[in-house]
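Here is what each chain is made of, one letter per residue.
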Amino acid sequence: MTEAEFEAVYERTARPLRAYLLRLGGNTTLADDVLQDTYCRFLSMEPAKRQAAPERPLLYRIATNLMHDQFRRLRRERRAPLEWPPPHVEGVGPDLPHDMARVFAELKPQQRSLLWLAYVEGWSHVEIAAGLGLRSRSIRVLLFRAKSALAQRMRSRGLAPEVDR
Amino acid sequence: MIENECPRHDEVRTAARAGVWPPELTAHAAACARCQETIFVSRGLFGLARVDAERAGPLPDARSTFLRSRLVARIEEEEDLVERAARPLLVANLLAIGAVLAALAWLGGYASTAMPELVPWKPLSWSLASVGLGALASRRLIWMDE
């Protein structure tokens, strides 16, 4: 891949990918490190493999795996359960009245990935499955559980209305 | 109890993203608890994404990312070359150790048969003891090598 081709891919994909990584990892430094590693891995793939899969789910899959590696490494280094959510989740503050960032950070990493890709990125179930390495048939159930978990947390903090079931 | 998502979840999700609500879907969402959840979860996440977008600093430079990937690839290639170059040495090392262990086993057995007054144990015990000592020594040598 030439530098110009890479720049075009980067232009198309880097901004939403960084937003996703920021919400998955909780801070900008980690998100930027993983972002760069993701593109390094992407470029080091054999061209045939790289071209065989759609670029967007492929990049998100690499990025998600790298972020999970980071979580595992942090857990190993601390030799203790990873503190989650991290003490300083970016996006929490007086200018975000609903404190949505902290509520979102309390979810499991896979739930955060599912919700972000489905609701913010607007991906289809097939794309989400390809991006996260899951079976597309299980996305509906997993997404429903993730949404319910977030809705429950939002309600318990008064961030969402009670709804009659 | 297994709860299910509303069958119209994807339509509601799409409408919430686009902000375009057909009247019939609006009526459905107003009466469906699951869809109301979908709507407020969507709004919460959109708000978060909007704040992130407003605050986002500049992206890491594409060119530096490209150059970094080239550098990483070159380093990995060199490491691979070194590993490949060292492989015959490792094989030769293992063969030499195998030969030494075999010689020790033979020598131990021979010594206990030929000189029973000096080496009172059974030949097999001597062979095993010799091989054990040889293995320990070779392990130490390999470890020192690394």
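Data block above holds the structure.
Residues numbered from 1 in each chain as written. Chains lettered and ligands numbered in written order. Predicted model: local features only at pLDDT ≥ 70, side-chain atom pairs only at ≥ 80, totals over all residues. Heavy atoms only, no water.

**Q** Could you give me a rundown of the overall build of chain B, with the residues and numbers involved?
**A** Scanning chain B for helices and strands turns up five helices and zero strands. Reading chain B from its N end, one meets helices and strands in the order α-α-α-α-α. Counting the 146 residues in chain B, one finds 29% classified as buried. The contacts in chain B between residues at least 6 apart in sequence include a share of 44% that link residues at least 24 apart. As presented, chain B carries roughly 10100 Å² of accessible surface, and 65% of it is formed by carbon and sulfur atoms. (Helix = DSSP H or I, 4+ residues; strand = E, 2+ residues; numbered from the N terminus. Buried < 20%, exposed > 50% of the residue type's maximum accessible area, 1.4 Å probe, protein only. Contact = heavy atoms within 4.5 Å. Areas by Shrake-Rupley, 256 points an atom, 1.4 Å probe, with all protein chains shown as cover.)

**Q** Give me the packing of aromatic side chains: which residues, what numbers.
**A** One pass over the full model with this rule turns up seven aromatic pairs over all chains. Centroid distance Phe6 of chain A to Tyr39 of chain A: 5.7 Å. Interplanar angle 80°. Geometry classified as edge-to-face. In this pair, Phe6 of chain A sits in helix H1 (residues 3-25) while Tyr39 of chain A sits in helix H2 (residues 28-44), placing the two residues 33 residues apart along the sequence. In this structure, Phe6 of chain A and Tyr39 of chain A share a single accessibility class: buried. Each residue in the set Phe6, Tyr10 and Tyr39 of chain A together with Phe66 of chain B is aromatic and connected to the rest through ring pairs, giving one cluster. Positioned above the aromatic ring of Phe42 of chain A, the side-chain terminus of Arg50 of chain A is 5.7 Å from the ring centre. (Phe/Tyr/Trp six-rings, centres within 6.5 Å; stacked < 30°, edge-to-face > 60°. Lys NZ or Arg CZ within 6 Å of the ring centre and 35° of its normal.)

**Q** How would you explain the environment of Ala8 of chain A if you had to name every residue and give the values?
**A** The residue Ala8 of chain A is located in helix H1 in this model. Accessibility expressed as a relative area gives 35% for Ala8 of chain A, which makes it partly exposed.

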